[in-house]
Each structure stands twice: as C-alpha cells, then as structure tokens.
Amino acid sequence: MTSRPSTLRPDLAAIAAHVAPGSRVLDIGCGDGALMAELESESRCDARGMELDGALVERCVARGLSVVQGDANVDLADYPDKAFDFAVLSQTLQTATRPDAMLDELLRVADKAFVSFPNFAHWRTRAALMFGGRMPVTRALPVSWYETQNIHHVTVEDFRDLARAKGAKIERSWFFANERAISPVGANWRAEFAVFELSR
Amino acid sequence: MNAPFASNLYAIPQALPLDSGQALEGAQLAYETYGNLAADKSNAILICHALTGDQYVASEHPITGKPGWWERMVGPGKPIDTDRYFVICANVIGSCMGSTGPASISSDGQPYAMRFPVITIRDMVRGLVALLDGLGVDRLHAVVGGSMGGMQALSLAANWPERAARVLVIASTARHSAQNIAFHEVGRQAIMADPAWADGDYYASDARPDNGLAVARMAAHITYLSEEGLTEKFGRRLQDRDAKSFGFDADFQVESYLRYQGSGFTQRFDANSYLYITRAMDYFDLAEEHGGKLADAFADSRARFCLVSFDTDWLYPTAESRHIVHALNATGAKVSFVELSAPHGHDSFLLEHEQLDRVVKGFVE
C-alpha cells in the first residue's frame, strides 16, 4: 500500500494495493502478467497465472512468471482446495461459461477472491440500449455483440445478488469511471468497472 | 563404435546401480561443455539429448560434420547463453557416441552386445548425476530437455529434487503411451528381422543390420513430423522424374527423403543402442515409479518448472504436458506451461521458432 505511481489498469491497481505482501496468488486470465509482475516485485507474492491465449502466456513466461496456458472453466478443477491466499479474476467473469460455478471455484482454491468486471448497468450502456435500441458498444464494452467474449453481461447489483446467493461475503468493493475511482453511491449506474473482494 | 573422436570422458568411479537390479561396472560418459563454470558453480545448465542425439549440442558432430543439434538455441548470445552459463551435455548411458553402451567392450574383452543390461531413463539420469558429482556441480541452474531429454529432466526433478533449480521440459511426456511403444516396437522388429543383426553379435562382422536400422529410423522419423509439414515439404511430388515408374523405386520425394534419413542414420548410430534406448523410453512411467500418483513424484521438489508443447506434435501431444502440469499444480510447484503453434510436429523444438527462443531465454534467466 505504497503511494508509488502504478502503471496498472485501475482495477488491477486496486487489487495490487490490497493483496497482503507475501501472499500466494492465483491470477486467472492473467493476460500479459502485469498484475503478477507487480505482485512479485513489489509485494514479494508467490503469484501463479492462468491464461487461455498462448501468445500472452509466452510473454508471461518470457518475463519469468509462472503461468499455465489453460481454460479456467475447466482447469481450475485441477487446483487443490485453498492452495492460494487470493484468487484474482479480472475482467474475466463475464466470459465464463458459468460465472456462478466460477465463483465457487475461486473461493474453493483461495481464501479470498478479487473479481473485477465491466458494469453493464452503467448509464452509457443503458442509454445506448434505451435510445439506440441496439446492444451497446461503449468504451467499457468496445466489441459488437456477435464477436464479444462477454457471454454473460453482469451489473453491480447482479453481482451482489450472486455473492449473496453463493454465501460469499463482500469484504470490500471499488468502483471506477473514466479510469478513476468513484464513490460507491449510485455505483450501479455510475461505475464502468467494479472490483469486489470476497470471502466465505 | 567406441569414441574414435575427441570428447571429454568421465569414468564413473563406482558401479552404477540400475533399475533392473544389475549394476554397470566401469561405465564412462562422454560429454561436452560450453562456456565457463562460475567460481561458485552456480551457473551450470545440463542439457539432456533426445533418443538419437548426443553430446554435440552446440559444436560440430565429428561423424556427420553437421552443426550441433541445438546450435540455434545454445551458444554465445543465444537463448541459452554460453557467455553466462556453463552448459553440460553428455551422451547417455546405452548410447554410442563414447558413453558406455552395447557396443562398448565389457570386462571379458568382447563388446557387450545384447549382454548389456536393460537400462531405464532413471538409469541414464543416474549416469548424468554421477557426472555432475564428478564436475563438482551440486545444484544446476537448470536442466533442459526435449523429447527423451525432457523425460530425463523430469526424472532428475523427481528423483534428485535438490539438484536443479529450474526444470524445462519441451515436447515430452511423463510416460510412454501404448502408441509410442507400438512405434518403437516396429523399429525394434525391423532391426531384429535384419539377418545381419545376428542376435546383436555383429560387431566383429563386416555386415551390420543397417537395413533394419534404416527402416526403424524411417518409421520413427514419420512420427517426428506432422502431416501438414510433410505435405508442405513434399506433397505428392515425384522425385527426379515426370511420371510414376510403376515400380518400387522412390518415385515420391517423401520416399526418397525417408530413405536418405534412414541411410544417413546408420552411419552415425548403433542398432543395438537403438534397441536399448527405445526400451528405456518405453519403460518410462514417472507415476509408476512413485506409487502410481504423478503428483507424488514432485512432492519434494522446490524447483520452478516450465513445460512447452507444440500443437502439431502427435507423438507427445499437448495433453501429455498438461497431465504433468496438473500434477505439478497439485503439489503446489511453480509451473509454467505453454502450447506453441508450429507446423512441424514433434521436431519443432529443434527448428527455428522465435516464441520457443523467448520462452527458453525468459525461463532460464
């Protein structure tokens, strides 16, 4: 929790700032390993990653990170219970085959989970759907409906409901718009992105 | 076929115990080194060769005159940088480039031939560990191997967990599948069906089982390639002719290529070594060695692992690597895995591949 300027995406920076130093972390959908690299170098964490895209995995391995190419929908099952202190699922929940099952897996393999996702109830999305009558293509959801990887659109309120249904406790939450943190007031329509920290 | 060429030789001081229960007395390993060993001996990388490979990983092969088999990967400024690392590569026990194998002279003054004890991958690694002891290298910076070399790297990690800090396994497996064994059996039967094989006792004779060995190599070579690679390289093109001959000459380019591969191989490899080494690979089952659970094989390992597979490798397909990754995850080992895209099948690890270079360099450093 330093004030060092971070080059991480805001949701990842919020996560990085709240992972306890020295933790065992599994970053699911870790991309090019930006968060893992930060956690290993700044917080002395033991970070492991999972990523579907082989080209991104190669970049992670080339920068010395431990990343396994795999599909979280299937391969999380291979990790033992509570193998990690934290599981991170950033911008990936909405691409999961079954987000509810994924949430169970996160809290099985780790004590706590960070989940970040684009909020489909953001006012810009609502406006696009209401006035345009078409599936929104916005800054936060930049791809047309037919080519998006986001197969389950979720809102801040939907996610709170899911956590409740799953018996997961929301420890903390952060909301972002225009790349900046915003207050939780009215987050369901004001936030472009949300980050939740969960436990069970 | 005992080293008429220069290589470092290490005489293993004690009898080498073998998985079969036998022991190999007076065994020696032929090896090459590249780069300089640091004063604290912390920069050694052991490279394990594949079935028909040898110690000439980054220097000219004395028989064929060709560059080392992984010269593009190992050398000054290359992904495994010999300006920084001390690279060791030894000919495995059972082979024929100077290490003790079936062609070596036994204590009675005659070649071992088929009296050579059946060896395993773990026996090969016992030999390599003895060499490391001889070189005073307690802990390797990394052990690296592709194909059979990957099996040795895994065996070292499982059985000598303190000896390597990093384990890089490329296009390999933790156990030989029925299909793998089947292909090897075709090769062995081809050798043993050659009249010149003479129950393995051909060393004193002028005739060698070259025909059988060439067929074995041809069959194996097909498994090292991909259909896509073969089609791209040869298709159904004819060799040095405009029409089919309606005979059994090598009409097709692919036939001519395989014959060339087969005959070239007999110049540099001993048929009995081929029998012994393929047997060792077929016996390989790392889980079986550890009570049936692969994860238990790595329970004591603190090493970092990296596994690489190729999407067109049907000899050791990606699923085999994933199987190992799952076992390593289950034990909480630090493991990376990536499936690289390449058109050339199993042999891709020996060929130009920039992504592989980056992965190897990044992981080793």
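Our subject is the structure listed above.
Keep in mind it's a predicted model, so treat the numbers as computed, not measured.

Criteria and thresholds
Residues numbered from 1 in each chain as written. Chains lettered and ligands numbered in written order. Predicted model: local features only at pLDDT ≥ 70, side-chain atom pairs only at ≥ 80, totals over all residues. Heavy atoms only, no water. Helix = DSSP H or I, 4+ residues; strand = E, 2+ residues; numbered from the N terminus. Rg over C-alpha atoms; globule rule 2.2 N^0.38 Å. Contact = heavy atoms within 4.5 Å. Areas by Shrake-Rupley, 256 points an atom, 1.4 Å probe, with all protein chains shown as cover. Lys, Arg positive; Asp, Glu negative; His and termini not counted. Charge placed at Lys NZ, Arg CZ, Asp CG, Glu CD. Buried < 20%, exposed > 50% of the residue type's maximum accessible area, 1.4 Å probe, protein only. Polar contact = N/O pair within 3.5 Å; in protein donor to acceptor, adjacent residues only side chain to side chain. Pairing = 2+ DSSP bridges. Axes fitted to C-alpha atoms, helices over the stretch in contact; angles between N-to-C directions. Parallel < 35°, antiparallel > 145°, perpendicular 65-115°, else oblique. Left-handed = near helix turned anticlockwise from the far one by under 90°. Nonpolar A, V, L, I, M, F, W, Y, C, P; charged D, E, K, R; others polar. Buried area = accessible area lost by both parts, 1.4 Å probe. Salt bridge = Lys/Arg side-chain N within 4 Å of Asp/Glu carboxyl O. Phe/Tyr/Trp six-rings, centres within 6.5 Å; stacked < 30°, edge-to-face > 60°. Lys NZ or Arg CZ within 6 Å of the ring centre and 35° of its normal. Expected span 1.5 Å × (residues − 1). Core = buried A, V, L, I, M, F, W, Y, C linked by side-chain atoms within 4.5 Å.

Chemist: Describe the overall build of chain B, listing the residues and the values that go with them.
Modeler: Looking only at helices and strands, chain B features 11 helices and 12 strands. For 365 residues, the compact-globule estimate of 2.2 N^0.38 gives 21 Å, and chain B sits close to it at 20 Å. Along the three orthogonal principal directions, the C-alpha set of chain B runs to about 65 × 50 × 40 Å. If you take every contact in chain B between residues at least 6 apart in sequence, the share linking residues at least 24 apart comes to 71%. Taken as a whole, chain B presents about 14400 Å² of accessible surface, with 50% of it coming from carbon and sulfur. Computed over 30 positive and 44 negative side-chain charges, the inter-centroid distance for chain B is 5 Å.

Chemist: Hey, could you go over the environment of A:Ile170 for me, with residue numbers and the actual values?
Modeler: Along the chain, the position of A:Ile170 falls in strand S6 (residues 169–177). With residues near it in sequence (within four places) discarded, A:Ile170 still touches A:Arg160, A:Ala163, A:Phe196, A:Glu197 and A:Leu198.

Chemist: Any chance you could break down the side chain of B:Thr318 for me, citing the residues and the numbers?
Modeler: Residues and elements named next belong to chain B. With respect to the helices and strands, Thr 318 occurs in helix H10 (residues 318–330). Relative accessible area serves as the criterion here: at 11%, Thr 318 is assigned to the buried category. Only 2.8 Å separates the side chain of Thr 318 from the side chain of Ser 309, close enough to count as a polar contact. If near-sequence neighbours (up to four positions away) are discounted, Thr 318 is found in contact with Ser 309, Phe 310, Phe 337 and Glu 339.

Chemist: Please set out the pairing of strand S8 (residues 193–199) of chain A residue by residue, giving values where relevant.
Modeler: All names here are of chain A. Within S8, six of the seven residues are buried, which leaves the element mostly enclosed by the surrounding structure. Where strand S5 (residues 110–118) lies against S8, seven bridges are found, and the strand directions are antiparallel. Looking at S8, one finds that Pro 118 is bridged to Phe 193. In the sheet, S6 pairs with S8 via seven bridges, with the strands oriented antiparallel. Paired with Phe 175 across the two strands is Ala 194, which belongs to S8.

Chemist: Go over unusual backbone geometry, please, and point to the residues and values.
Modeler: Negative phi is the rule for most residues except glycine; trans is the rule for most peptide bonds. All names here are of chain B. Phi at Lys 41 takes a positive value of approximately 55 degrees, unusual for a residue other than glycine. Locating Lys 41 in the fold gives a position in the loop between strand S4 (28–34) and strand S5 (44–48). Exposure remark for Lys 41: the relative accessible area of 34% places this residue in the partly exposed category. Although it is not a glycine, Ala 198 adopts a positive phi angle of roughly 50 degrees. Relative to the helices and strands, Ala 198 resides in the loop between helix H3 (178–193) and helix H4 (210–224). Taking relative accessible area as the criterion, Ala 198 reaches 39% and is therefore assigned partly exposed.

Chemist: A description of the packing of H4(B) against helix H6 (residues 253–268) of chain B should follow, citing residues and the corresponding values.
Modeler: Residue and element names in this part refer to chain B. At their nearest, the axes of H4 and H6 sit 8 Å apart, and the two run at 125 degrees to each other. Judged by the angle between their axes, H4 and H6 are oblique. Judged by the twist between their axes, the crossing of H4 over H6 is right-handed. Contacts between H4 and H6 involve Asp 210, Leu 213, Ala 214, Arg 217, Met 218, His 221 and Ile 222 from the first element and Tyr 257, Leu 258, Arg 259, Gln 261, Gly 262, Ser 263, Phe 265, Thr 266 and Arg 268 from the second. For the contact of H4 with H6, the class distribution of residues is seven nonpolar, five polar and four charged.

Chemist: Could you give an account of the interface of chain B and chain A, with specific residues and numbers?
Modeler: Listed per partner, the contact involves 20 residues of chain B and 20 residues of chain A. Carbon and sulfur atoms make up 46% of the surface buried where chain B meets chain A, a total of about 1600 Å² over both sides. In this assembly, chain B and chain A are joined by four salt bridges. The partner of B:Arg322 in a salt bridge is A:Asp75, with the nearest N and O atoms 3.5 Å apart. A per-element tally of the side of chain B that touches chain A places strand S12 (residues 334–340) of chain B first, with six residues.

Chemist: Residues and numbers for the packing of aromatic side chains, please.
Modeler: All chains considered together, the criterion is met by 19 aromatic pairs over all chains. Relative to A:Phe196, the ring of A:Phe117 has its centre 6.0 Å away and its plane inclined at 5 degrees; by these criteria the two rings are stacked. Separated by 79 residues along the polypeptide, A:Phe117 in strand S5 and A:Phe196 in strand S8 bring together distant segments of the chain. Judged by its relative accessible area of 0%, A:Phe117 is buried. Given a relative accessible area of 0%, A:Phe196 falls into the buried group. An aromatic cluster is present here, built from A:Phe117, A:Phe159, A:Phe175 and A:Phe196 joined pairwise through their rings. Lying over the aromatic face of B:Phe265, B:Arg217 brings its terminal NZ or CZ to 4.6 Å of the ring centre.

Chemist: Please set out helix H7 (residues 271–283) of chain B residue by residue, giving values where relevant.
Modeler: One turn of the α-helix equals 3.6 residues, which is why residues spaced by three or four share an orientation. All names here are of chain B. With 13 residues, H7 should cover 18 Å at 1.5 Å per step; its first-to-last C-alpha distance of 19 Å lies within 8% of that length. Most of H7 is tucked away, with 11 of its 13 residues classed as buried. If you check which residues of H7 are buried, you get Ala 271, Asn 272, Ser 273, Tyr 274, Leu 275, Tyr 276, Ile 277, Thr 278, Ala 280, Met 281 and Asp 282. Lining the buried residues of H7 we find helix H1 (121–135), helix H2 (148–159), H3, H4 and H6.

Chemist: Now, about the nonpolar core: what can you tell me, with residues and values included?
Modeler: Residues and elements named next belong to chain B. Among the nonpolar cores identified, the biggest contains 117 residues, and Phe 298 and Phe 305 are the most heavily contacted of them. In terms of residue count, H1 provides more of this core than any other element does, nine residues in total. Beyond its immediate chain neighbours, meaning those up to four positions away, Phe 298 contacts Leu 154, Ala 158, Leu 286, Phe 305, Ile 324, Leu 328 and Thr 331. Among the nonpolar cores identified, the runner-up in size contains 37 residues, and Ile 80, Val 87, Phe 310 and Phe 349 belong to it.

Chemist: Summarise the pattern of salt bridges; cite the residues concerned and give the values.
Modeler: All names here are of chain B. A complete count under the given rule lists 34 salt bridges over all chains for this structure. A salt bridge links Asp 19 to Arg 122, with the nearest nitrogen and oxygen atoms 3.2 Å apart. Taken together, the residues Asp 19 in the loop between strand S2 (16–17) and strand S3 (23–24) and Arg 122 in helix H1 connect sequence positions 103 residues apart. The exposure class assigned to Asp 19 is partly exposed, which follows from its relative accessible area of 31%. Between Glu 354 and Arg 358 there is a salt bridge, and its shortest N-O distance comes to 3.9 Å. Here the residue Glu 354 and the residue Arg 358 both occupy positions in helix H11 (residues 354–364), the gap between them amounting to four residues, near one helical turn. Its relative accessible area of 58% is what places Glu 354 among the exposed residues. Here Arg 358 falls in the partly exposed class, since its relative accessible area comes to 38%.

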